[in-house]
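Given next are the chains, with one letter for each unit.
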Amino acid sequence: MELFDHRGHLTDDALKHFSGGGTLSELQRLEIAEHLDFCDECLMRSMAFLPEEALLTPEHSCQDTVWKRIRLRAVRVLTSRYATAAAAILIVATLWSFNIFSGLVTGSAALSNTSQHSLRQSNFSERIEQLDRYVNSGLNRFNHLFDFGDDSATQTDSSQSQGGLSS
């Protein structure tokens, strides 16, 4: 019996004998199995020769669990991609709400005025001290959110905020 046709594919007789348990030698079965391992066309043709009881259907479908995994993976990718940006925005918004940047905005607006160049030179150290006070004040207000009745820490913070850079 011929196993392969002129194109190098399995013949219908070979597939019938292989699927139906016909008389094939061990070497012929091995050759057919190896060919079906890499030839998709012959594998699909061999499915037509299988008896109905050989084609089993699963008891339960894994389609739902696979789609859940895909959705979960997509959420994880999306979350990890934007989590850093969201955290940075949250930190800036929190600091902005405590007016920590108000000294920076006031100081930069005064420094950007070009008509007052000489005033800018003479008041530079005062502006830096004012900026330092604004930042210290904002950070102290932020720290007070986390003080739970510890008066000694509050007194130390208030004495440090009055000092600024000049102390």
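Let me sum up the structure you'll find in this document. (Residues numbered from 1 in each chain as written. Predicted model: local features only at pLDDT ≥ 70, side-chain atom pairs only at ≥ 80, totals over all residues. Heavy atoms only, no water.)

Let's talk about the overall build of the protein chain
Here is step 1 of the chain: In terms of regular secondary structure, the protein chain is built from eight helices and zero strands.
Here is step 2 of the chain: The helix and strand sequence of the protein chain, counted from the amino end, reads α-α-α-α-α-α-α-α.
Here is step 3 of the chain: Out of the 167 residues belonging to the protein chain, those deemed buried represent 14%.
Here is step 4 of the chain: Summarising the internal contacts of the protein chain: among those between residues at least 6 apart in sequence, 51% fall at separations of at least 24.
Here is step 5 of the chain: With the model as given, the accessible surface of the protein chain reaches about 12900 Å², and the carbon-plus-sulfur share is 59%. (Helix = DSSP H or I, 4+ residues; strand = E, 2+ residues; numbered from the N terminus. Buried < 20%, exposed > 50% of the residue type's maximum accessible area, 1.4 Å probe, protein only. Contact = heavy atoms within 4.5 Å. Areas by Shrake-Rupley, 256 points an atom, 1.4 Å probe, with all protein chains shown as cover.)

Let's talk about the packing of helix α1 (residues 12-20) against helix α2 (residues 26-38)
Here is step 1 of the chain: One can describe the packing of α1 onto α2 by two numbers: an axis separation of 11 Å at closest approach and a directional angle of 105°. By the criterion of interaxial angle, the relationship of α1 to α2 is roughly perpendicular. From α1, A14, L15, H17 and F18 reach across to α2, where they touch R29, I32, A33 and L36.
Here is step 2 of the chain: Split by residue class, the contact of α1 with α2 holds six nonpolar, one polar and one charged. (Axes fitted to C-alpha atoms, helices over the stretch in contact; angles between N-to-C directions. Parallel < 35°, antiparallel > 145°, perpendicular 65-115°, else oblique. Nonpolar A, V, L, I, M, F, W, Y, C, P; charged D, E, K, R; others polar.)

Let's talk about the side chain of S46
Here is step 1 of the chain: You can see S46 is positioned in helix α3 (residues 40-48).
Here is step 2 of the chain: Relative accessible area serves as the criterion here: at 7%, S46 is assigned to the buried category.

Some thoughts on α2
Here is step 1 of the chain: Here α2 is 13 residues long and its end C-alpha atoms lie 19 Å apart, about the 18 Å a rise of 1.5 Å per residue gives.
Here is step 2 of the chain: The elements touched by buried residues of α2 are α1 and α3. (Expected span 1.5 Å × (residues − 1).)

Observations concerning the side chain of T11
Here is step 1 of the chain: Within the element layout of this structure, T11 appears in the segment before α1.
Here is step 2 of the chain: On the basis of relative accessible area, T11 is assigned to the buried category, the value being 17%.
Here is step 3 of the chain: Leave out the neighbours within four places in its chain, and T11 touches E2, L3, F4, D5 and R45.

With respect to the nonpolar core
Here is step 1 of the chain: In this structure, L3, L10, A14, L15, L24, I32, L36, C39 and C42 together form the largest nonpolar core, which totals nine residues.
Here is step 2 of the chain: Mapped by element, the contributors of at least two residues to this core are α1 and α2. (Core = buried A, V, L, I, M, F, W, Y, C linked by side-chain atoms within 4.5 Å.)

Some details on the pattern of salt bridges
Here is step 1 of the chain: Counting across every chain of the model gives three salt bridges.
Here is step 2 of the chain: The salt bridge partner of E41 is R7, with a shortest N-O separation of 3.7 Å. Taken together, the residues E41 in helix α3 and R7 in the segment before α1 connect sequence positions 34 residues apart.
Here is step 3 of the chain: Overall, E41 belongs to the partly exposed group, its relative accessible area being 40%.
Here is step 4 of the chain: Beyond isolated ion pairs, a larger network of salt bridges with shared partners links D5, R7 and E41. (Salt bridge = Lys/Arg side-chain N within 4 Å of Asp/Glu carboxyl O.)

As for α1
Here is step 1 of the chain: By the burial criterion, the buried members of α1 are A14, L15 and S19. Along α1, the residues classed as buried sweep out an arc of 120° about the axis, all on the same side.
Here is step 2 of the chain: Residues of α1 that are buried in the fold lie against α2 and α3.
Here is step 3 of the chain: Of the residues one or two after α1, G21 is the one with positive phi, at around 75°. (Arc of directions from axis to C-beta.)

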